[in-house]
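Read off the chains here:
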Amino acid sequence: HVLAANIDTMVIVAAAAKPRFKPGLVDRYMVAASRGGVKPLLVLNKMDLVEDEPEQIAPYRELGLQVISTSCETGLGIDELRDALRGTFSVLTGHSGVGKSSLLNALDPSLEIHTQEVSASTEKGKHTTSASRLYVLHDDIRIVDTPGIRNLGLWDVTPEELAFYFPEMEELAMQCRFRDCSHVHEPDCAVRLALQEGAMSKLRYDSYLRIRESLETGEK
């Protein structure tokens, strides 16, 4: 998927609930951001629907990824997001129904972008944004809103390269017995050892396995 060109920041929007947080898609976006040489920023939206943020957020904070918790209903985090985007050219990405258009309305109420509710039965959002569109907001914020997607195919990333886009795995890989270790089945794999010892996030490792399998089989 080509999301946008010549951008500084990829704003990965996820929801705390409705739809529930999906780390696998966030990981795919992070790989795409790293591959494209842009800064990833994770926005956890709809915090008004939960008491605490999902526990799956912890591995991303531990990685040093900037995470901003927001609510378009209460205004939580909107000023922090505005400050983070000031002077940047960004792209707004995320699963359908996570509230990307609502965030834009919160950043600039004059936009009055149409939004829709997430289906209560399927937890799937409706595509209110059907094509990418550039918005120029106050504070020198330029941001491209993209249609919500349910799957993200990675372009120009091989299975062998994938671990390099997981920074915590890249560091551990130097300690593996084999330089070409896939971190799937080889003996003396530092990544799997860290996983067993609790030093590697299982959620992130499971995402790595799923993405690697999709790259090997050519699936999206």
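Everything numeric in this text was worked out from a predicted model, so none of it was measured.

### Considering the overall build of the protein chain
Here is step 1 of the chain: A count of helical and extended segments in the protein chain gives seven helices and six strands.
Here is step 2 of the chain: When the helices and strands of the protein chain are placed in sequence order, the string is β-α-β-α-β-α-β-α-β-β-α-α-α.
Here is step 3 of the chain: Across the 220 residues of the protein chain, 49% fall into the buried class.
Here is step 4 of the chain: Looking at the protein chain as shown, the accessible area adds up to about 11600 Å², and 48% of this sits on carbon and sulfur atoms.

### Some details on the packing of aromatic side chains
Here is step 1 of the chain: Under the defined criterion, the tally for this structure stands at three aromatic pairs.
Here is step 2 of the chain: The interplanar angle of 80 degrees and the centroid separation of 6.3 Å between the aromatic rings of phenylalanine 21 and tyrosine 60 together place this pair among those described as edge-to-face. Separated by 39 residues along the polypeptide, phenylalanine 21 in the loop between strand S1 (9-15) and helix H1 (23-36) and tyrosine 60 in helix H2 (residues 58-62) bring together distant segments of the chain.
Here is step 3 of the chain: The class of tyrosine 60 is buried, set by a relative accessible area of 2%.
Here is step 4 of the chain: Site record: aromatic cluster; members linked through ring pairs are Phe166, Tyr205 and Tyr208.
Here is step 5 of the chain: Over the face of the ring belonging to phenylalanine 89 we find arginine 142, whose NZ or CZ atom lies 4.7 Å from the ring centre.

### So, the packing of helix H3 (residues 78-85) against helix H4 (residues 100-107)
Here is step 1 of the chain: Two elements in contact, H3 and H4, have axes whose closest approach is 10 Å; the angle formed by their N-to-C orientations is 85 degrees. With respect to each other, H3 and H4 are oriented roughly perpendicular. Residues Ile78, Leu81, Arg82 and Leu85 of H3 form the contact with H4, whose participating residues are Leu103, Ala106 and Leu107.
Here is step 2 of the chain: Here the contact of H3 with H4 is composed, by residue class, of six nonpolar, no polar and one charged.

### With respect to the nonpolar core
Nonpolar side chains tend to gather and get buried jointly when the protein is soluble and globular.
Here is step 1 of the chain: Ranked by size, the top nonpolar core spans 22 residues in total, and within it Met10, Ile12, Phe21, Val26, Leu42 and Tyr60 carry the most contacts.
Here is step 2 of the chain: Put simply, the parts of the chain that give this core at least two residues each are S1, H1, strand S2 (39-45) and strand S4 (89-94).
Here is step 3 of the chain: Considering every element that reaches this core, the biggest residue donor is H1, with five residues.
Here is step 4 of the chain: Those residues in contact with isoleucine 12, other than ones at most four positions away along the chain, are Val26, Tyr29, Met30, Pro40, Leu41, Leu42, Val43 and Thr93.
Here is step 5 of the chain: Listed in part, the 20 residues of the second largest apolar core include Leu162, Leu172, Ile211 and Leu215.

Quick notes on the rules
Residues numbered from 1 in each chain as written. Predicted model: local features only at pLDDT ≥ 70, side-chain atom pairs only at ≥ 80, totals over all residues. Heavy atoms only, no water. Helix = DSSP H or I, 4+ residues; strand = E, 2+ residues; numbered from the N terminus. Buried < 20%, exposed > 50% of the residue type's maximum accessible area, 1.4 Å probe, protein only. Areas by Shrake-Rupley, 256 points an atom, 1.4 Å probe, with all protein chains shown as cover. Phe/Tyr/Trp six-rings, centres within 6.5 Å; stacked < 30°, edge-to-face > 60°. Lys NZ or Arg CZ within 6 Å of the ring centre and 35° of its normal. Axes fitted to C-alpha atoms, helices over the stretch in contact; angles between N-to-C directions. Parallel < 35°, antiparallel > 145°, perpendicular 65-115°, else oblique. Contact = heavy atoms within 4.5 Å. Nonpolar A, V, L, I, M, F, W, Y, C, P; charged D, E, K, R; others polar. Core = buried A, V, L, I, M, F, W, Y, C linked by side-chain atoms within 4.5 Å.

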